[in-house]
Structures are given as structure tokens and as C-alpha cells.
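Here is what each chain is made of, one letter per residue.
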Amino acid sequence: MFKRPFKFRKSYYFKILLFTTMISFIPFVMIAAYSMYQGSNLSNQIMKDQIADTKKEILSQKLLYLQKETQNLNTDLHNLENTLRLIQKQAETLYSNPNPTLTNELKLTKGKEGYLWETFKDKREKTNVFISSLYSNSPESIIKDLKIAKQLEPLFIQTIKNESMINAVYLSLPTSSWLYYPFLDVESAIAAKTFSPDLRFQDYEFYTVSLNSERKVKWTKPYLWSAKPVGDTTKEDWLISAGAPVYTAAGNFKGMVGLDVPIENIKNQLMNVTFSEPNAFAFLIDDKGNFIAGQRKAEGIEKNKFIMKKALENKEGILPIKYSNSDAYLLSSTLNNGWSLNFLISESDIVQPIVKSTKEQTNKHMLLFLNHLLLFSILGIIILLYMTYRFSRTITQPIDQLTIALRESAVGNFVNEFPIKQEDEIGKLALAFNFMNRKIQELIGELNLKANQLEDKVLERTKELESANERLVNTNQQLQESEKRRKEFMSQISHDLKTPLTSVREYTELLVNHPQLPEVQKREIMNSILLRSNHIIQLINDLFEINTDDDGDYIKEVIPFDFLLGQSLDMIAIRSEGSDIEITKDYEIGSHFIFVDPKKMNRVFINIVENSIKYSKSNKNQKIKIDIMAYQQDKDLIIKFKDYGIGISENSLEKIFLPFFREKRTKTEKIKGNGLGLSIVKKIIAAHDGKILVESKVSVGTTITIVLPLVEIWDF
């Protein structure tokens, strides 16, 4: 490298190299230490932020999941209550208008303990009656009532087939006698001492809970009942019951109808709730804080009074608590009947996976960082050595010649090269200076070229910015339009909620400010509050359903069209009791089968028929007439609902399926509604691969046509 012998004291290169390397090593070490420290702090902070964000997100998702499961359980319980109301209505009709020609003889057997009961060789698809030994000496009037009750047998059988959660349905009389389905082997139950021959129904909550003058369906607390009907495969004997009173048209109390739901069936429903957290579980309590059912991991939770109290107080939302000496979260959602579905999730189940993942990622990135730091250090030393070498070769030029050359360069004279007479460090400095002169000239040329290119790029970027600005203007217009639609949507919701809420507040103020009001007037006011509260809940439920993608929740089955429509019309008859309605039906019985979710399609039929009734009330002093026709066309079932009401204007036909849309005439004529029903109907029909069409003429009437795919029963 050197053309003369190496001498340390005369080599500026070696001195500068050694000195620069030594003073540069300290910053490298400090940078590495500081980077490690900052990396560790940043990792911890990121982990804390990630834990907070993830915990909030997970809990929000779990709350939505809980609310969805609550809605599903609400639907199941509501369907059971509606089923019991239908049985109650049928029983009241039979006792109000008894038909002696339809009653069957009862083949009663008297047990040695004095009770009377009905038994058969073939016990399947049979109801049987029981009379307690307390009343078996004078059973004539009891048997008369039981003969009438026997006409409920087909309805009892169909109820058990339709509702998988129920294990028994019955009608009980005040004389401790009942009609029961499925068949209850009383003799075997008494022999096994799981059933008392002198049973007194008034001592049991399943009977007393139904004794209410409002004729409402009421639920019991969980209780132990050891006598099981034929076919009951539940492992446990704990159950809850729903009961409703039976009155004649004259207002005489005849007894009660009820149905039993094993706790195990409700527990099986809860088993469908799954958690990614290993120790999380779900449990259900009633409105008094009594434990009803829970998952396997919830075993023993009913003994934890603190958790039961917090679950009862929480009602709705997320509550941080202490469970098993650690932090946890209690998520609660209240059902329509006052029960509460709860999730209990340990905070460690949420945090530990995040901590583990973050530490693994931190260690991985820290190792990668150290490798990069080592490589960077080696590369930095190489670059440092090279720059030191280049620098040391330039500092030994004679000061006076270098000053002259620099002055020439300052005035722009880059032509003459600096003369090189030496081969040592000074000679190298002169060579570098000449090289610098040439480079400066090249750079000036390149700068001029770059300046021209930059000017062209500025023009090009200006055009791009103008184009981008135009796109931003279009985007802003779209955002403004979207905001306008959002405000209209929120305004409609606010309006529909404000009206009933205002009424509830006014009625409540009336009750508070006038406690001396008569009981009749107070009851009327409370009924009005309940009616408007139910309207608010229905509006919220409709909003939730229309904004939820729940196509995967449809439970479809093959079912006769006429049977499904008949159920819907029965429910409408119950709701519209007292209204003068004439429904004409034109379709073949038992000929058309459809593959649908009965609950969803039941809602479609009820919504359409109730709309026909609601928008036909303007015809004064006339019956409300509705024509229902169904026929097959190719592979489809065509269903037409025709009314003779106020009709729909031509301009509104295309808008009636939009959420919250209602014609101005409906508001003028004070016809109640929120404009969500047909939107939900269209969504349900679409989920069944069907179509819905509307034809209407103002003041003439409306025809709604539903097209659904038919199925051949043997295909299933």
C-alpha cells in the first residue's frame, strides 16, 4: 500500500484511523444500549395497549354474542308462552260452549290407595286422567269436566311434537285432577313413591302460579318433580313450569293449563354457547336471583351469593368483579320475562394469550434487532474506516497551494488541475482535489439537468394534484349524501321512539302527581304504559333484526302450507279478539309442502294479515274482509293476500319495503306503525329463495303475492 517504509509518527492516515475508531466505538455502544432499553419499554407499552384494546374488543364481541343468545332464548320462551296461550284459548272455548256429543267415555281404574286414573295397553299418543284420592268419592262433576278436557288431546300431542323443549302438557282442575300428556304411569310412580295418591295441586307452585285474574302466562321457580311421563329421557328431575288460568266466558274459574320444561333441556340450549376462553361459562337466573341452569363449568355457581347478587343487579352490560380471588367480567342480558342470561369470563383468559404472544414476538424481534445491530455495527466500522482513509489522504496538501487552488475554484475556474509532485499523503490530497474539481463540474451539469427534470415533474405533479382534488370533491359529495341519509335515518328512529317515550313519561307523571286516582283509572294508565313500552321494545327488536345478518339462524323444515297458515290465523284471531273480521280461504288442504323456518314464516303471514286488518279499519260499519288464495304454478307455490282497505298510491309502491317508509295518508288517518314490518318480511322471504310482489290501488285495496319454492315430501 505504501511506497515508502511505514513510520507511525509520519503517517497521518494511521493516526486519524486509530483516533476516529476509538472515539466512534463509544457512540455505537451507547446507541445499542439505548435501543435495547427503548425497545423493551416500547414492547411493554405496546403489550399494555394491545391488552386494553383487545380486552375491550373481546368483551364487546362477547356482549353482542350474549345479546344474540338472549334473543334466541327469548324467542324460545315466547314461543312456549304463545303455545300455552293457544291451549288456554282452546280450553276456555271448550268449557264456555261444551258439546256433549264430542266427549269420550273415560275408562277409569281405581287404585288401592283410593285414587282414580286412566290407563291403556298402548300408551303412545295417549293422554290420561288422574283424580286424587281426596276427591275420588264424588267424581261425577269431575269426570264431566275431564271428558270435556279430553277433547284437547290432539292439541296436546301436536304441542309436544312441535316444541322439543317441553316434556309434558296438562290441564289441571281445582279438584286435584288433571288431563296429562304424554301418558303418565301413575300406578308405577305411586309404587316408586315418586307420586302421591292424595296429591293436592294447591300445594304446588305449578298450579298456584297460574292463579291470576289477568289470565297471563306465569313461570315457576325451578323445582324437583320425580314422576316422568312415557318417553322422557332427561337425566335430571329438576324442571320449571309455565301456567295460565282457564276461565269460562261467564268468568268462572275452571282450572289451569300448564307445560313442563326440564332444566336439562334449558341446559342443553346453554351448551350451544361456546367460548374461546378456557374457563368462561354461561348460566341463567330468574328475576329473583334463583339459579335456573348453567354449563358444566358453572357447577356450584348457585352457591356463590356474591355472583348471584351481582348478576341480579347488573341486568344489562359488562361488570368487573372478583371471582376465585382473581379479576373477571360478568356480562348480563335480561330476557323479556325478567330472567337474566350471564357470561362469566376470567380476565386472565383474555390477557394471558396476549401476553404470551407479545413476549414471543418481542423476543423474536429483539433477537432480529440484535442481529441487525451487529451487522450495522460491522458495516458502520467498515464505512468509518473507508471515510477515515479518504479523509486522511486529503489533509496533507500544502496549505498555500491549496489556498490558491481554492480561491480559483471559488471564482469558478475549474480548468487548471492542481500539480501533483508527491506520492505521499500530500500527493494523494492533490489528486483528490483535482478529482473534486472534475466532480464539481459534473455535478453542476447534473444539477442543471435535474433542475429541468424537476420542473417537468412539478408540472406533472400539478396535474396529478388537480385530478386528485377533483376526486376528493366527488368523494366529499358522496360523504355529504351519506351523512344526509344517516341523519334522515336517525331522525326517523328518534321520532318513532320519542312519541311512546313521551306518553310513558306523561302517564308516569300523572301517577306520581295524583296518587289518589281510582284503581280503575290507575290500571288503565299502567296498561297504557305497558302498551307503549312494548311498542318501544318491538321497534328496537325490529331494528335489531333488520340490521342483523342472521340468515344462518334459520331452522328450516318441511311443513304443510295450510297448517302453518292456520297457526298464524289462530294467533291473529287471539290478538284481534273483538274485531269483526271475515277471512275467505281458497286452497287445497294438505296438498302443498314448503321447506321453511316455521317461526320466521309465521311472522311473515301474521305481519301481512295484520297489515291488511290495520289498513282496512277506515271502512266504517263494515266487516274487514280478507281473501287468501294459494295454488301451484310450475314448481312454485303462489300465495295471495287480498284486502279491500285504503290501498297504496302508485308513487309509494316501490318504497314500501324501505325501512321506516310510511305513506303520509297513514299518518293523517292516525294508523299506527313504524314502517319496518314489510322490510323484515322481504328479508325473510329472500332468505327462503322466494319473492314478494305488491299490487294496489287507492281506496280499492291491496294484493300481496308471495312466491315460495314447493317441495315434494318424499324428497325428505
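Predicted model, so just to flag it, every value in this text is computed and none were measured.

> Account for the confidence of the model for the chain, with residues named and values stated.
The pLDDT averaged across the chain works out to 79; a share of 79% of its residues lies at or above 70. Taken together, the stretch residues 1–6 has pLDDT below 50 and engages in nine contacts with residues farther than four places along the chain or on a different chain.

> Before we move on, can you summarise the pattern of salt bridges with the specific residues and values?
Throughout the structure, instances matching the rule amount to 13 salt bridges. Close ionic contact of Glu 92 with Arg 215 constitutes a salt bridge, the shortest N to O distance being 3.8 Å. One end of the pair, Glu 92, is in helix 1 (residues 12–96); the other, Arg 215, is in the loop between helix 5 (205–208) and strand 6 (218–219), with 123 residues separating them in the sequence. Overall, Arg 215 belongs to the partly exposed group, its relative accessible area being 34%. For the salt bridge of Lys 322 with Asp 327, the shortest nitrogen-to-oxygen distance reads 2.6 Å. The exposure class of Asp 327 is partly exposed, given its relative accessible area of 35%. Connected via shared salt-bridge partners are Glu 118, Lys 150 and Glu 153.

> Any details on the packing of helix 12 (residues 561–575) against helix 13 (residues 598–614)? Residues and values, ideally.
When two helices pack together, their arrangement is captured by the angle between the axes and the distance separating the axes. Between helix 12 and helix 13, the least distance of the axes is 9 Å, while the angle of their chain directions is 50°. Between helix 12 and helix 13, the crossing angle belongs to the class labelled oblique. Crossing of helix 12 over helix 13 shows right-handed handedness. Contacts from Phe 561, Leu 564, Leu 565, Gln 567, Ser 568, Leu 569, Met 571, Ile 572 and Arg 575 of helix 12 reach helix 13 at Pro 598, Met 601, Asn 602, Phe 605, Ile 606, Val 609, Glu 610 and Ile 613. Its residues assigned to classes, the contact of helix 12 with helix 13 shows twelve nonpolar, three polar and two charged.

> Residues and numbers for the packing of aromatic side chains, please.
In the structure shown here, the tally under the stated rule is 24 aromatic pairs. An angle of 50° between the planes, with centres 6.2 Å apart, marks the rings of Trp 117 and Phe 183 as tilted. Here Trp 117, found in strand 2 (residues 116–118), pairs with Phe 183, found in the loop between strand 5 (177–181) and helix 4 (186–191); they are 66 residues apart in sequence, far enough to count as distant. When the centroid spacing of 5.8 Å and the interplanar angle of 85° are considered together, the rings of Tyr 170 and Phe 206 count as edge-to-face. Highlighted residues: Tyr 170 in strand 4 (residues 168–173) and Phe 206 in helix 5, separated in sequence by 36 residues. Taking relative accessible area as the criterion, Tyr 170 reaches 1% and is therefore assigned buried. Counting every residue linked through ring pairs, the aromatic cluster contains Tyr 115, Phe 130, Tyr 170, Trp 178, Tyr 180, Phe 195, Phe 201, Tyr 204, Phe 206 and Tyr 207. One cation-aromatic arrangement involves Lys 126 over Phe 120; the distance from NZ or CZ to the ring centre is 5.3 Å.

> Give me the lowdown on the side chain of Glu 347, citing residues and values where you can.
Of note, Glu 347 is situated in helix 8 (residues 347–392). When its relative accessible area of 17% is taken as the criterion, Glu 347 is described as buried. When sequence neighbours within four positions are dropped, the list of residues in contact with Glu 347 reads Lys 55, Asp 327, Ala 328 and Tyr 329.

> For helix 7 (residues 305–314), give the residues involved together with the corresponding values.
Residues that lie three or four places apart on an α-helix share one face, since the helix turns once every 3.6 residues. Those residues of helix 7 that sit buried are Ile 307, Met 308, Ala 311 and Asn 314. Buried residues in helix 7, looked at end-on, bunch into an arc of 135°, giving them a common side. One side-chain oxygen at the N-terminal end of helix 7 lies 3.2 Å from the backbone nitrogen of Phe 306; it belongs to Asn 304. Lys 315 occupies a position one or two residues after helix 7 and carries a positive phi of about 65°.

> Could you give me a rundown of unusual backbone geometry, with the residues and numbers involved?
Of note, the amide linkage connecting Tyr 181 to Pro 182 takes the cis form, showing an omega dihedral of 0°. Relative to the elements of secondary structure, Pro 182 occurs in the loop between strand 5 and helix 4. If you check the backbone angles, Asn 325 has positive phi at about 60° while not being a glycine. Examined against the element boundaries, Asn 325 turns out to sit in the loop between strand 12 (317–323) and strand 13 (326–334). With phi around 70°, Ser 699 is a residue other than glycine that occupies positive phi space. Within the element layout of this structure, Ser 699 appears in the loop between strand 20 (691–697) and strand 21 (701–709). Since its relative accessible area comes to 61%, Ser 699 is described here as exposed.

> So what about the nonpolar core? Which residues, and what values?
Ranked by internal contacts, the top residues of the largest apolar core, which has 59 residues, are Leu 171, Trp 219 and Leu 284. Counting residues per element, this core draws most heavily on helix 1, which supplies twelve residues. Not counting chain neighbours up to four residues away, the residues in contact with Leu 284 comprise Leu 73, Ile 266, Leu 270, Asn 290, Phe 291, Ile 292, Ala 293, Leu 335, Trp 339, Ser 340 and Leu 341.

> Give me the pairing of strand 4: which residues, what numbers.
The buried fraction of strand 4 is high, at six of six residues. Here strand 4 shows two buried faces, one formed by Ala 168, Tyr 170 and Ser 172 and the other by Val 169, Leu 171 and Leu 173. Note that strand 4 and strand 9 (residues 253–262) share five bridges and pair antiparallel. Each residue of the ladder has a partner; that of Tyr 170, found in strand 9, is Gly 258. Of the pairings in the sheet, the one linking strand 4 to strand 5 comprises five bridges and is antiparallel in character. Residue pairing across strands places Val 169 opposite Tyr 181, the latter belonging to strand 5. With antiparallel pairing between neighbouring strands as the criterion, strand 4 and strand 5 make up a hairpin whose turn holds three residues, including Ser 176 at a positive phi of roughly 55°.

Conventions adopted
- Residues numbered from 1 in each chain as written.
- Predicted model: local features only at pLDDT ≥ 70, side-chain atom pairs only at ≥ 80, totals over all residues.
- Heavy atoms only, no water.
- pLDDT = per-residue confidence, 0-100.
- Contact = heavy atoms within 4.5 Å.
- Salt bridge = Lys/Arg side-chain N within 4 Å of Asp/Glu carboxyl O.
- Helix = DSSP H or I, 4+ residues; strand = E, 2+ residues; numbered from the N terminus.
- Buried < 20%, exposed > 50% of the residue type's maximum accessible area, 1.4 Å probe, protein only.
- Axes fitted to C-alpha atoms, helices over the stretch in contact; angles between N-to-C directions.
- Parallel < 35°, antiparallel > 145°, perpendicular 65-115°, else oblique.
- Left-handed = near helix turned anticlockwise from the far one by under 90°.
- Nonpolar A, V, L, I, M, F, W, Y, C, P; charged D, E, K, R; others polar.
- Phe/Tyr/Trp six-rings, centres within 6.5 Å; stacked < 30°, edge-to-face > 60°.
- Lys NZ or Arg CZ within 6 Å of the ring centre and 35° of its normal.
- Arc of directions from axis to C-beta.
- Polar contact = N/O pair within 3.5 Å; in protein donor to acceptor, adjacent residues only side chain to side chain.
- Core = buried A, V, L, I, M, F, W, Y, C linked by side-chain atoms within 4.5 Å.
- Pairing = 2+ DSSP bridges.

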